[in-house]
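# Coordinate analysis (summary)
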Amino acid sequence: MHILYIDDDTIASFFFKKVCSVINRNNLVINIAKNGKEALDFIKKTDVMPELLFVDLNMPIMDGWQFLDHFKEINNQQKEKSVAVIVSSTLNPEEIDKAKEYNNVVKFISKPITTELVEDLLNKYCKASNA
Amino acid sequence: MEFEFHPLLIIILIIFIITLLFLLYNESTDHQKKIRNKNKKIKRYKLIEEITGNTFWEWDIKKNHLVFNRLLKREYGYNPKKINQNIEWWLERIHPEDSVDVSIDLYKFVAGKGEATWFYEYRFLCADGSYKHVLDRGQAILRDKNGSVLKMIGTMQDVSVIKLEEERLKQLDKAINQSREVKFVLENIDDDTLPTIIYINDSITNLLGINKKNIVDKPIDEALSDRLKEKYLPKLKLAIARKMEFSFEENVYTTDGDSIWINFTIYPIEISGEESDFWIGIIYDITNQKLRQLENESLIKELIVKNNELRHFSYITSHNLRAPIANLKGIIQLMLQYDPSKEEVIEYLNALDSSTNLLNETIEDLMKVIIIKDKLTVEKELLSIEDIINQIVKQLSISISEIEPDITTKFEVKILNLNKSYFESIMLNLISNSLKYRKLDQTLHITINTFLKENQIVLEFEDNGIGIDLERNKDKIFGLYQKFHNRSDSKGMGLYIIKNQVEAMNGTITVESKENIGTKFTLTFNP
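Residues numbered from 1 in each chain as written. Chains lettered and ligands numbered in written order. Predicted model: local features only at pLDDT ≥ 70, side-chain atom pairs only at ≥ 80, totals over all residues. Heavy atoms only, no water.

### Looking at the overall build of chain B
- When you go through chain B residue by residue, the secondary structure sums to 14 helices and 17 strands.
- Taking all 527 residues of chain B together, 38% fall into the buried category.
- Nonlocal contacts in chain B, meaning residues at least 24 apart in sequence, comprise 54% of its contacts between residues at least 6 apart.
- Of the roughly 33,400 Å² of accessible surface on chain B, 54% is carried by carbon and sulfur atoms. (Helix = DSSP H or I, 4+ residues; strand = E, 2+ residues; numbered from the N terminus. Buried < 20%, exposed > 50% of the residue type's maximum accessible area, 1.4 Å probe, protein only. Contact = heavy atoms within 4.5 Å. Areas by Shrake-Rupley, 256 points an atom, 1.4 Å probe, with all protein chains shown as cover.)

Printed below as a string of C-alpha cells:
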C-alpha cells in the first residue's frame, strides 16, 4: 500500500508521517515529495503508482494543479486504482470548484489531517490491497 | 286773323316739355347716383383705413394746408380738425433727433430733386407724450412746370411694433451669439445634398476657432472633418432621411490645436405642428464632464484591480495563517490522543516551535504589507545610496564575511529622494536574496548601478545566482507567497513586499532572470 504525500511544508509532512505511524497499519509505505516535480520524478523513476496521493496546492517549482495536469498524462495501468486528495488551507471558493474538474480527485480537505480521516480514506479506496 | 295754336307747335311744345322733364329727372338721378357713389367710395376708403390702420394726409404746399384723416385721433391722439393744419405742426412733433433729417429730405423731394415717391422713418410725438416709430410714405399728385411739387398725399404707418420686434430679434441674436453653445439652423434645400447651414452663431468661432463664413450656406457634411465624416456620415444620412434626432460625443481639435470634447446634436423641428425642412443643431463643450467621466472610469478600473488584489490578499493570507495553525492544532491533537515517548515529545516540541516562529514571521510580514498598502502618501527624503548599502553590508556582516561576495557599485546618481525605511528594506531584501540564492560553487558577484535614463532614475541590481525560471513563473514572480525554490527558510513574501514598497514610492520594478546564470532587477523612480 503506497501513499505519496506532496507538500513543501516540512512540518506538515512530518505531522503526516506521525499520523500514519499512529494508525499502525501493516504494509503502509509513505513517501514524501516537496513539490509536484519531485512527485512526478518519483513516480517515473520508481515506477511505483501510489494508491493514495495527498496533494498540497501552493508549492514552489510545480504547484498542486500543475502536478495534477501532468499526472493525467502518465501512462500506467495502475493509475486507475489511484485516487488523489487535495490537502490545503485555502478558503478560496474558486480553487475548491476547480478541484471538481479532476476525475481522480476524490476529496478536498482542510488541514490539519486527522487520523480518522486517513483511516476512512484507506478503508474506502485501498480495500483491494488490504485483502 | 284769329290767333290760334298751331297743332304742330303744341306738339313741339309738348315734346319740349317732356324732354325738359326727362332731362330734369335724369339730372336729379344722376346727382343721386353721384352722391351714392361718393358714399360708397367713402365707405370703401374707411374700410381701407381700418384694414391698413394707416393715417392719411394731404398737403397743399402753396397754401401750406395739411389735413389728416380721422385715424390721426385713434393712432396718435390728435383730433385732425382741431390741430393747426400746417406743416409746422407736423414738424414740431417729430423727434428732435430725427426732425432735421426728415425736413431736409422732404423739402428735397418737394423741390423735385428726389425720387418718384418720398418715404422716411422717424419718431412721432403722440398726444400722450410718447413717441411712435412711423413709416411715412408720400406721393406728389400735382407738380408745376419745373417739377416742383404743389400737392402731395401720403400715409403714416405705425411701425413701433415692427421696430420693437426688430430690436428684440437683435437682442436675441446677441444673446444667441453670447451663449457658449454653438447653435445653428439647417434647411433641407434639396434631397441630393444634406441640409444646408443657413444660420450659425458666433460661438462656433469661440469654441472651435472656425470662421462662420467658411461653413454658412454649405451642406452640414462639409463642416465636418474627414475623421468625423468617416465615422458618422452614414449614421447622419440615415437620421436625416428618417427625420430623427442625431448626436455624438467626440474628441476634436480646435483650429488652435487644443483637444476638446464636444457633444453634437441635430433634431428636426415642426412648424405649427407640421413637419418642416428645418433642423436645429447644437454643439457644446463637454470637456470637463468627459474628463471627469474618464477619470471616474479609470478610478473604477483601479478600484476593481485593488479590490481583486485585496480579495486575493485575504485568501492567501488566510491560507498562510491557517497552514501553521493547522500544524499546531494537528500536533497538539496527536500528543493528546496518543501517548508519545520522551523522544517523540522533543520532536513534537521542535515542530511546534518552528510552526509558531513561522506564524509569528508571517504575521510580521503581513503587518508590513498592510502598513505599505494603508499609506496613501509616503514621506520622502534625500538619501545617499552609498551610505545605505554600507549600512546593510554592516547589518549582514556575519553572512557576508562567510560568503565573501564581490559587490561592485557605480552610482551616477548618488542621492535619491525616497522613503528611507522602504528603500532600506528593498535593498536589504535584494541583497539577502542574492546571498540566499547564490551558486554554491562560484563566487557571488553583485553589481549595483544607478543612472539617469529618459528623465527617470534607474537602479540596476544584478547577481550571478541560481536565477528563477521566468518562463514558468512570469506572472507569479512578484506575487504574494510565491516560492521558486525548495528552501525551508523562504516564505515567498520578499519580492511581493519589494514591489509594494517600490510602487508606494511611485516607482516600477522589473526582473530578468535565467536559471543558473543570474537575476537582474531594474527599478525606476521619478527624480
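### Observations regarding a positive patch on the surface
- The grouping of Lys33, Arg36, Lys40, Lys41 and Arg44 of chain B at the surface amounts to a positive patch.
- Looking at where lysine 33 of chain B falls in the secondary structure, it is placed in helix α1 (residues 7–52). (Patch = residues over 30% accessible without salt bridge, like charges linked within 9 Å, V, L, I, M, F, W, Y side chains within 5 Å. Salt bridge = Lys/Arg side-chain N within 4 Å of Asp/Glu carboxyl O. Lys, Arg positive; Asp, Glu negative; His and termini not counted. Charge placed at Lys NZ, Arg CZ, Asp CG, Glu CD.)

### So, helix α7 (residues 226–241) of chain B
Residues and elements named next belong to chain B.
- For α7, built from 16 residues, the straight-helix expectation of 22 Å at 1.5 Å per residue is met to within 8% by its first-to-last C-alpha distance of 21 Å.
- The principal kink in α7, of about 60°, is found at tyrosine 232, preceding the proline proline 234 by one to four residues.
- Buried residues of α7: Leu228, Tyr232, Leu233, Leu236, Ala239 and Ile240, and no others.
- Packing partners of the buried residues in α7 comprise β8 (246–253), β9 (259–271) and β10 (274–285). (Expected span 1.5 Å × (residues − 1). Bend = angle between axes of the 7 residues up to and from the residue.)

### Regarding the sheet that holds strand β6 (residues 182–187) of chain B
Residues and elements named next belong to chain B.
- Strands sit in the order β7-β6-β10-β9-β8 across an open sheet of five strands; the sheet is antiparallel. Of all the strands in the sheet, the pair left with one neighbour each is β7 (196–200) and β8. The sheet shows a mean angle of 25° between the axes of neighbouring strands, direction not considered.
- Pairing of β9 with β10 involves nine bridges; the strand directions are antiparallel. Residue pairing for β10: tyrosine 267 is matched across the bridge by isoleucine 280.
- Running at roughly 120° to β9, helix α8 (residues 287–337) makes contact with β8, β9 and β10 of the sheet. (Pairing = 2+ DSSP bridges. Axes fitted to C-alpha atoms, helices over the stretch in contact; angles between N-to-C directions.)

### With respect to the pairing of strand β14 (residues 445–453) of chain B
All names here are of chain B.
- Here strand β12 (residues 406–411) runs beside β14; their pairing, made up of six bridges, is parallel. By the bridge assignment for β14, aspartate 406 is matched with histidine 445.
- Relative to strand β15 (residues 456–463), β14 is paired through eight bridges, and the arrangement is antiparallel. By the bridge assignment, leucine 452 is partnered in β15 with isoleucine 457.
- What sits between β14 and β15 in their antiparallel hairpin is a turn of two residues, with glutamate 454 showing a positive phi close to 50°.

### Some details on helix α2 (residues 36–46) of chain A
All names here are of chain A.
- Among all positions in α2, only Gly36, Ala39, Leu40 and Ile43 are buried. All buried residues of α2 lie within an arc of 100° about the axis, which places them on one face of the element.
- Lining the buried residues of α2 we find β1 (2–6), β2 (29–33) and α3 (64–73).
- Put simply, asparagine 35 is the residue that caps the front of α2, since its side-chain oxygen is 2.9 Å from the backbone nitrogen of lysine 37.
- Where α2 ends, the next residue or the one after it, aspartate 47, has phi of about 55°, a positive value. (Arc of directions from axis to C-beta. Polar contact = N/O pair within 3.5 Å; in protein donor to acceptor, adjacent residues only side chain to side chain.)

### Observations regarding the side chain of aspartate 7 of chain A
All names here are of chain A.
- Examined against the element boundaries, aspartate 7 turns out to sit in the loop between β1 and α1 (10–23).
- For aspartate 7, a relative accessible area of 1% translates into the label buried.
- In terms of polar contacts, aspartate 7 uses its side chain to reach the side chain of lysine 111, at 2.8 Å.
- Every residue in contact with aspartate 7, bar those within four places of it in the chain, is listed here: Ala12, Ser13, Ala33, Lys34, Asp56, Met59 and Lys111.

### What to know about the interface of chain B and chain A
- If you look at the interface, chain B gives 27 residues, while chain A gives 29 residues.
- Taken together, the two surfaces of chain B and chain A that pack against each other cover about 2,600 Å², and 55% of this comes from carbon and sulfur.
- The interface formed by chain B and chain A contains three salt bridges.
- Residue glutamate 94 of chain A pairs with arginine 311 of chain B through a salt bridge whose shortest N-O separation is 3.5 Å.
- Across the contact surface, chain B and chain A share six residue pairs in polar contact (both at pLDDT 80 or more).
- Of all the secondary structure elements, the ones that give two or more residues to the side of chain B that touches chain A are α8 and α9 (342–374) of chain B.
- Considering every element that reaches the side of chain B that touches chain A, the biggest residue donor is α8 of chain B, with 13 residues.
- Its residues assigned to classes, the side of chain B that touches chain A comprises ten nonpolar, nine polar and eight charged. (Buried area = accessible area lost by both parts, 1.4 Å probe. Nonpolar A, V, L, I, M, F, W, Y, C, P; charged D, E, K, R; others polar.)

### Observations concerning the packing of aromatic side chains
All names here are of chain B.
- Counted by the stated rule, this structure contains 20 aromatic pairs over all chains.
- Residues phenylalanine 68 and tryptophan 89 carry aromatic rings whose centres are separated by 5.7 Å and whose planes lie at 65° to one another, so their mutual orientation is edge-to-face. Pair noted here: phenylalanine 68 is in strand β2 (residues 65–68) and tryptophan 89 is in helix α3 (residues 87–92), with a separation of 21 residues, a long-range link.
- When its relative accessible area of 9% is taken as the criterion, phenylalanine 68 is described as buried.
- Overall, tryptophan 89 belongs to the buried group, its relative accessible area being 5%.
- Considering the side-chain rings of tryptophan 89 and phenylalanine 124, the 6.3 Å spacing of their centres and the 65° angle between planes classify their relative orientation as edge-to-face. Taken together, the positions of tryptophan 89 in helix α3 and phenylalanine 124 in strand β3 (residues 117–125) put the pair 35 residues apart, joining distant regions of the chain. (Phe/Tyr/Trp six-rings, centres within 6.5 Å; stacked < 30°, edge-to-face > 60°.)

### Quick look at the environment of lysine 62 of chain B
- Tracing the backbone shows lysine 62 of chain B in the loop between β1 (55–60) and β2.
- Along the primary structure lysine 62 of chain B and valine 149 of chain B are separated by 87 residues, whereas in three dimensions their C-alpha atoms are 9.2 Å apart.

### Some thoughts on the environment of glutamate 512 of chain B
All names here are of chain B.
- The topology assignment puts glutamate 512 in strand β16 (residues 508–514).
- A residue is classified by how much of its surface remains accessible, and glutamate 512, at 47% relative accessible area, is partly exposed.
- Residues glutamate 512 and leucine 470 lie 42 residues apart in sequence; the distance between their C-alpha atoms is 7.8 Å.
- Sequence-distant contacts of glutamate 512, that is, excluding residues within four places in its chain, are made with Leu470, Gly518, Thr519, Lys520 and Thr522.

### Description of the confidence of the model for chain B
- On average, chain B scores 87 in pLDDT, and the residues at 70 or more come to 94%.
- Both scores are available for the predicted complex, with the pTM at 0.52 and the ipTM at 0.82. (pLDDT = per-residue confidence, 0-100.)

### A word on unusual backbone geometry
- In this chain, lysine 111 of chain A is followed by proline 112 of chain A through a cis amide linkage whose omega measures 0°.
- With respect to the helices and strands, the residue proline 112 of chain A is situated in the loop between β5 (105–110) and α5 (115–125).
- A positive phi is found at asparagine 64 of chain B, a non-glycine position, where the angle reads about 45°.
- Mapping asparagine 64 of chain B onto the fold places it in the loop between β1 and β2.
- Overall, the relative accessible area of 24% leaves asparagine 64 of chain B in the partly exposed class.
- One non-glycine residue with positive phi stands out, namely asparagine 506 of chain B, at about 60°.
- One can find asparagine 506 of chain B in the loop between α14 (494–504) and β16.
- Judged by relative accessible area, asparagine 506 of chain B falls into the exposed class, the value being 55%.

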